[in-house]
Amino acid sequence: MSEQSTDLRETVRRRYAAAAVQVAEGGSACCGPQAVEVDEKFGSTLYAADERDALPAAAVAASVGCGNPIAVADLNAGDRVLDLGSGGGIDVLLSARRVGPTGKAYGLDMTEEMLALALANGKKAGATNVEFLKGTIEAIPLPANTIDVVISNCVINLSTDKQAVFAETYRVLVPGGRIGVSDVVADDTLTPAQRAERGDYVGCIAGALSFTEYRQGLKAAGFIDIEITPTHAVADGMHSAIVRATKPATDTDGDRDGCCGVTACCTTGEQAATVADAKAASGCACN
């Protein structure tokens, strides 16, 4: 990671750590500069009143997203859900209610203060099918092929390595798994410099991908059935958008870390074994 990327990540971490502390002390948090905050294009108002009322007040107050991924993720009973950048836990707790006792909702966040707030909120909500993990969305601390649905709410735009996020998301999803993400996306006509003129990085604006860049990034990771639908403007030429995509039910390219499939990893003799045995025998670390 470059020094600039490291500095940006630390800036993001400090911003959301401060937001978590503010909420824990009885305040509220919001993603973005004052102009975004007052026109309610970010935050808990994007959730239905009955969803907000069912959760601890601190989980609602800590919401800093640009949409409501739960409304578009099509969660089913028994699903295993992962929320990238789970913050105070609002989307994890709502997901846990949707998937029921046979399912599970994971929250991933890099900020100790947000994780502490999320754990407290989960306890207050009495949620027994949730788990909060510390880590980055560029290196998800879960095994491959273990998650049915990945959600995220205005977090991927904050990453300094979005292609790694897409690749890791693809890795942890089961074949046929899907994403339902809310994120800020820029018009294709805006250059990175023009995006930065409309808002800073930690405010969810400067780091946003364009529609074409987002689509190409997901496609490069292996996703299909990609849909990016703008919902409302957050700045001139910048939109909150719903992003949907699917991991193919049959992943013909195998893992995308250079350890591809049986024919790419294994000797001729090993190809006669089962796929799992052949990959293990090859020593190429395939899952």
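Residues numbered from 1 in each chain as written. Predicted model: local features only at pLDDT ≥ 70, side-chain atom pairs only at ≥ 80, totals over all residues. Heavy atoms only, no water.

Some words on the environment of Asn76
Tracing the backbone shows Asn76 in the loop between α4 (57-61) and β1 (80-84). The spatial distance from the C-alpha of Asn76 to the C-alpha of Gly103 is 8.5 Å, given a sequence separation of 27 residues. For Asn76, the contacting residues outside a window of four places in its chain are Arg98, Val99 and Arg178. (Helix = DSSP H or I, 4+ residues; strand = E, 2+ residues; numbered from the N terminus. Contact = heavy atoms within 4.5 Å.)

Quick word on the nonpolar core
Of all hydrophobic cores here, the largest spans 31 residues; its most connected members are Leu82, Ile179, Tyr214, Leu218 and Phe223. The set of elements that each furnish at least two residues to this core consists of β1, β2 (104-109), β4 (147-153), α7 (162-172), β5 (173-186), α9 (211-221), β7 (224-235) and β8 (238-246). Those residues within four positions of Leu218 in sequence are excluded, and the remaining contacts are Phe166, Ile179, Phe223, Ile226, Val243 and Ala245. (Core = buried A, V, L, I, M, F, W, Y, C linked by side-chain atoms within 4.5 Å. Buried < 20%, exposed > 50% of the residue type's maximum accessible area, 1.4 Å probe, protein only.)

Details of the environment of Glu197
Checked against the element boundaries, Glu197 lands in helix α8 (residues 192-197). On the basis of relative accessible area, Glu197 is assigned to the exposed category, the value being 63%.

Considering the pairing of β5
Of all 14 residues in β5, 11 are buried; the element is thus mostly enclosed. Strand direction decides the pairing type here: β4 and β5, joined by 6 bridges, are parallel. Of the residues in β5, the one forming a bridge with Val150 is Ile179. In this fold, β4 hands off to α7, which returns the chain to β5; that crossover is right-handed. Note that β5 and β8 share 9 bridges and pair antiparallel. The residue bridging Asp183 from the neighbouring strand is Ala241, located in β8. (Pairing = 2+ DSSP bridges. Right-handed = clockwise from strand over helix to strand, strands pointing away.)

A few points about the pattern of salt bridges
With the rule as written, the count across this model stands at 9 salt bridges. With its nearest N and O atoms 3.1 Å apart, the salt bridge here joins Arg178 to Asp79. You can see Arg178 sitting in strand β5 and its partner Asp79 sitting in the loop between α4 and β1, a full 99 residues away along the chain. Judged by its relative accessible area of 10%, Asp79 is buried. Its salt-bridge partner being Glu197, residue Arg198 comes within 4.0 Å of it at the nearest N-O pair. (Salt bridge = Lys/Arg side-chain N within 4 Å of Asp/Glu carboxyl O.)

What about α7?
Most of α7 sits inside the fold, with 8 of its 11 residues counted as buried. Where α7 is concerned, the buried positions are Lys162, Ala164, Val165, Phe166, Glu168, Thr169, Tyr170 and Val172. In the core, the buried residues of α7 are packed alongside β1, β4, β5, β6 (209-210) and α9.

Some words on the environment of Leu93
Its place among the elements puts Leu93 in helix α5 (residues 90-99). A C-alpha to C-alpha distance of 7.4 Å links Leu93 and Val130, two positions 37 residues apart in sequence.

A few points about unusual backbone geometry
Backbone geometry at Asp74 places phi at a positive 55°, although glycine is not the residue there. Among the structural elements, Asp74 can be located in the loop between α4 and β1. What makes Asp74 exposed here is its relative accessible area of 52%. Within the chain, Asn145 stands out as a residue other than glycine whose phi angle is a positive 60°. Examined against the element boundaries, Asn145 turns out to sit in the loop between β3 (130-134) and β4.

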